[in-house]
Amino acid sequence: MRISVWVWLVPSALFVVVTCLGSILLEPSALPARVVGATLGVTLAAAVVAAVGERSGRRGAQSLVLLLLLTSAALVHGFDRAAIGSSLLLTGMPAGWTAFERGARGAVAGVTGIWAVAVTPHLTGQGAAHDSSQRWDDVLVGIGLTSMVLLTWYAGRVLRQAQSDLVARTRSLAREAATTRAIFDSVDAALAVFLPDGHLLANGPAADLGHGLRALPAPTRQHAAASAYEVVDADGVTATAPAAQAVLRAQRGEEFSGLVQWTGPREDRRALVCSARRIHLGDCDGDGGGTVFVAWDATDTLDTARMRDEFLGTLTHELRTPLTAIVGYLDLHDELEHTDRPAARTYLSGVRRNVRALADHIEDLLVTARPAELATGLVDVAEIAEDVLASSVERAHASGLALTLDTPTSVPAVASDAALRQVLHHLVDNALTYTESGSVAVEVAPTCRLHGGPAPTGFSITVTDTGIGMTEHELGRVFDRFYRTEEAVRRVLPGLGMGLAVTRQLVAAHGGTITARSTPGVGSRFHVTIPPRGA
């Protein structure tokens with residue numbers, strides 16, 4: 001912390017001039033004229049040295065100014081015939097200034113200067129004329145000035161430390177601000193921060209949003225006008241109400257995540273995945289926080305997914321048609337006279353089995369390529385479960401597995417017969433495939449009925465096996481399409497990894513949920529819950 005020398009020089013020089021003039025006017029014999037002239041000359045020299053030093057920036061000039069000011073004080077105090085002990089006060093300002101400016105070294109120099117000036121009357125012979133009380137005046141004044149210098153040094157030290165901390169903190173904040181801004185601007189996604197005072201912070205991609213990004217005054221956010229571009233919902237068709245647009249919802253302080261909206265000119269519409277989160281600023285109370293809005297362009301991803309699903313749908317549909325014809329021709333072939341030969345029946349049975357397996361795989365692909373379209377009606381879930389298990393009993397016995405079913409006599413529900421058969425088929429087939437020994441148990445149970453009527457009911461399906469099980473990581477991906485566990489791949493077990501993905505999609509189409517629990521080497525448990533539906 002550097003303070004200009006003029007802050008201390010000007011008051012000190014004025015003090016010297018006032019002391020000299022006061023001595024001349026009040027008691028002309030107190031100070032000889034030559035002393036007054038020398039004192040004023042030295043003080044003037046200090047002012048000249050200070051002016052040159054300030055202009056050139058030389059720190060050595062400050063020491064010379066201090067020496068000249070102490071010399072002025074020594075002249076006045078050393079030749080003061082009136083024994084005015086208060087003339088020692090002339091050393092206070094320059095000594096205090098050097099202690100403040102130069103730290104510990106300055107304090108030592110200042111204190112040394114004070115006591116050097118205090119003994120000048122004894123060097124000039126004026127001290128012998130003073131009585132003891134006058135001599136004690138110099139001692140007391142010297143002690144007081146010394147205390148003042150030490151306090152000034154300590155205050156300067158504290159202030160310098162505070163200044164150093166403040167400078168370091170300011171630089172740190174500047175670096176943090178620069179780093180934050182660099183990160184803010186380098187993010188590819190649109191990033192905006194709506195602050196409570198109406199200010200908006202936005203990076204480059206945010207400014208390029210199709211519907212524009214601007215901060216609206218608080219009173220207008222609830223009644224925002226429509227965007228310059230049409231904004232539609234995730235389906236790409238339904239127009240989004242102005243108040244439901246993602247940017248305007250974020251400005252109102254709403255929180256949301258994964259909101260998909262299409263925006264921009266109709267011929268170049270883009271899909272944005274939007275999220276908003278509230279932030280609470282340190283200097284704001286109550287509802288004074290802001291909102292962070294993030295949106296990234298998912299057009300290419302959604303277009304790719306749509307084209308993939310369309311491709312799978314078209315491919316599976318085209319493959320399913322000739323396969324159906326093949327199965328039909330095989331059924332007709334059974335009626336021909338050539339089928340009574342054992343070899344022909346064996347070969348045709350193998351062809352039919354593999355064609356049906358291929359047809360099932362294609363049906364799975366078709367289901368996952370488009371939303372499940374359910375033709376629902378009143379069905380008996382218990383009866384469907386019995387039929388599915390009856391078709392799997394022979395396979396279970398051939399593998400040495402116990403296949404059991406625990407179900408009430410009847411479980412009426414409104415659901416898709418074909419979809420439930422497919423769900424049960426996949427769960428039982430998976431359990432039999434991944435179980436080498438032990439058992440597979442299927443349980444069907446009603447859960448709750450619609451209010452006010454005996455039927456239909458919600459229900460649950462639980463399939464438990466004693467198979468190879470799965471790890472936690474595998475359990476997290478078990479419902480992904482085309483995913484197969486490492487153990488299944490290692491053992492070369494059959495399957496495309498589509499069954500559970502299809503099962504989850506069919507369960508979700510009923511408004512239900514499916515969960516899985518598993519322990520490696522112990523077995524797995526899949527639990528399906530379907531809520532009640534009206535007829």
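About the thresholds
Residues numbered from 1 in each chain as written. Predicted model: local features only at pLDDT ≥ 70, side-chain atom pairs only at ≥ 80, totals over all residues. Heavy atoms only, no water. Helix = DSSP H or I, 4+ residues; strand = E, 2+ residues; numbered from the N terminus. Buried < 20%, exposed > 50% of the residue type's maximum accessible area, 1.4 Å probe, protein only. Contact = heavy atoms within 4.5 Å. Areas by Shrake-Rupley, 256 points an atom, 1.4 Å probe, with all protein chains shown as cover. Phe/Tyr/Trp six-rings, centres within 6.5 Å; stacked < 30°, edge-to-face > 60°. Pairing = 2+ DSSP bridges. Salt bridge = Lys/Arg side-chain N within 4 Å of Asp/Glu carboxyl O. Axes fitted to C-alpha atoms, helices over the stretch in contact; angles between N-to-C directions. Left-handed = near helix turned anticlockwise from the far one by under 90°. Nonpolar A, V, L, I, M, F, W, Y, C, P; charged D, E, K, R; others polar. Patch = residues over 30% accessible without salt bridge, like charges linked within 9 Å, V, L, I, M, F, W, Y side chains within 5 Å. pLDDT = per-residue confidence, 0-100. Parallel < 35°, antiparallel > 145°, perpendicular 65-115°, else oblique.

**Let's talk about the overall build of the protein chain**
No. 1: Summing up its helical and strand segments, the protein chain has 16 helices and 13 strands in all.
No. 2: Considering the protein chain as a whole, with its 535 residues, one finds that 39% of them fall into the buried category.
No. 3: In the protein chain, 63% of the contacts between residues at least 6 apart in sequence involve partners at least 24 apart.
No. 4: Counting every atom, the protein chain has about 28,900 Å² of accessible surface; 60% of that belongs to carbon and sulfur.

**Describing the packing of aromatic side chains**
No. 1: Overall, the coordinates contain one aromatic pair when judged by the stated rule.
No. 2: Here Phe479 and Phe526 contribute two aromatic rings whose centre-to-centre distance is 6.3 Å and whose plane-to-plane angle is 85°, an arrangement assigned as edge-to-face. A residue pair is termed long-range when its members are at least 10 positions apart, and Phe479 in the loop between helix H14 (472-477) and helix H15 (486-490) and Phe526 in strand S13 (residues 523-530) qualify at 47 residues. Here Phe479 and Phe526 have matching classes, each one buried.

**Focus on the environment of Pro11**
No. 1: Within the fold, Pro11 resides in helix H1 (residues 6-26).
No. 2: Owing to a relative accessible area of 28%, Pro11 belongs among the partly exposed residues under this scheme.
No. 3: Separated by 79 residues in sequence, Pro11 and Leu90 place their C-alpha atoms 9.9 Å apart.

**So, the pairing of strand S6 (residues 290-297)**
No. 1: Alignment of strand S1 (residues 190-194) against S6, held across five bridges, turns out to be antiparallel. Paired with Leu191 across the two strands is Val294, which belongs to S6.
No. 2: Sheet analysis places strand S5 (residues 270-279) next to S6, joined by eight bridges and oriented antiparallel. Within S6, the position partnered with Cys274 by the bridge is Ala295.

**Thoughts on the pattern of salt bridges**
No. 1: The full count for this structure, using the stated rule, is six salt bridges.
No. 2: Taking the shortest distance from any N to any O, the salt bridge between Arg249 and Glu254 comes out at 2.8 Å.
No. 3: Among the charged side chains, a network of salt bridges with common partners joins Arg249, Arg252 and Glu254.

**With respect to the packing of helix H12 (residues 381-398) against helix H13 (residues 417-433)**
What describes two packed helices is the angle between their axes and the distance between those same axes.
No. 1: One can describe the packing of H12 onto H13 by two numbers: an axis separation of 10 Å at closest approach and a directional angle of 35°. Our pair here, H12 against H13, has a crossing hand that is right-handed. Contacts from Val381, Ile384, Ala385, Asp387, Val388, Leu389, Ser392, Arg395 and Ala396 in H12 reach Asp417, Leu420, Arg421, Leu424, His425, Val428, Asp429, Leu432 and Thr433 in H13.
No. 2: When grouped by side-chain class, the residues that make up the contact of H12 with H13 number 10 nonpolar, three polar and five charged.

**Some words on helix H16 (residues 499-509)**
Within an α-helix, residues lying three or four positions from one another point in the same direction, as the helix has 3.6 residues per turn.
No. 1: Within H16, the full set of buried residues consists of Gly499, Leu500, Ala501, Val502, Thr503, Leu506 and Val507.
No. 2: Of the residues trailing H16, Gly511 is marked for its positive phi of about 80°.

**Here we look at the sheet that holds S1**
No. 1: As summarised here, the arrangement of the six strands in space is S2-S1-S6-S5-S4-S3, forming an open sheet in which the pairing is antiparallel. Two strands in the sheet have a free side with no partner beyond their single neighbour: strand S2 (200-202) and strand S3 (231-232).
No. 2: With six bridges connecting them, strand S4 (residues 256-263) and S5 associate as antiparallel partners. Bridge pairing links Trp262 to Ala271 in S5.

**With respect to helix H4 (residues 92-102)**
No. 1: Most of H4 is tucked away: nine of the 11 residues are buried.
No. 2: Buried within H4 are the following residues: Gly92, Pro94, Ala95, Gly96, Trp97, Thr98, Ala99, Phe100 and Glu101.

**Examining a nonpolar patch on the surface**
No. 1: Together, Val17, Leu21 and Leu40 make up a nonpolar patch on the protein surface, roughly 210 Å² of accessible area in all.
No. 2: One can find Leu40 in helix H2 (residues 33-56).

**Some words on the confidence of the model for the protein chain**
No. 1: Of all residues in the protein chain, 71% have pLDDT values of 70 or greater, and the mean over the chain is 76.
No. 2: Element-level pLDDT for the protein chain is lowest in helix H11 (residues 342-369), with a mean of 64, against a maximum mean of 94 in S13.
No. 3: The low-confidence segment residues 215-226 (pLDDT under 50) makes 17 contacts with residues lying over four places distant or belonging to another chain.

**As for the packing of H4 against helix H5 (residues 104-118)**
No. 1: H5 packs onto H4 with a crossing angle of 165° between their chain directions and a minimal axis gap of 6 Å. Taken together, H4 and H5 sit at an angle that is classed as roughly antiparallel. The hand of the H4/H5 crossing is right-handed. Here H4 contributes Ala95, Thr98, Ala99 and Arg102 to the contact with H5, which in turn contributes Ala104, Arg105, Gly106, Ala107, Gly110 and Ile114.
No. 2: A class-by-class count of the residues in the contact of H4 with H5 yields five nonpolar, three polar and two charged.

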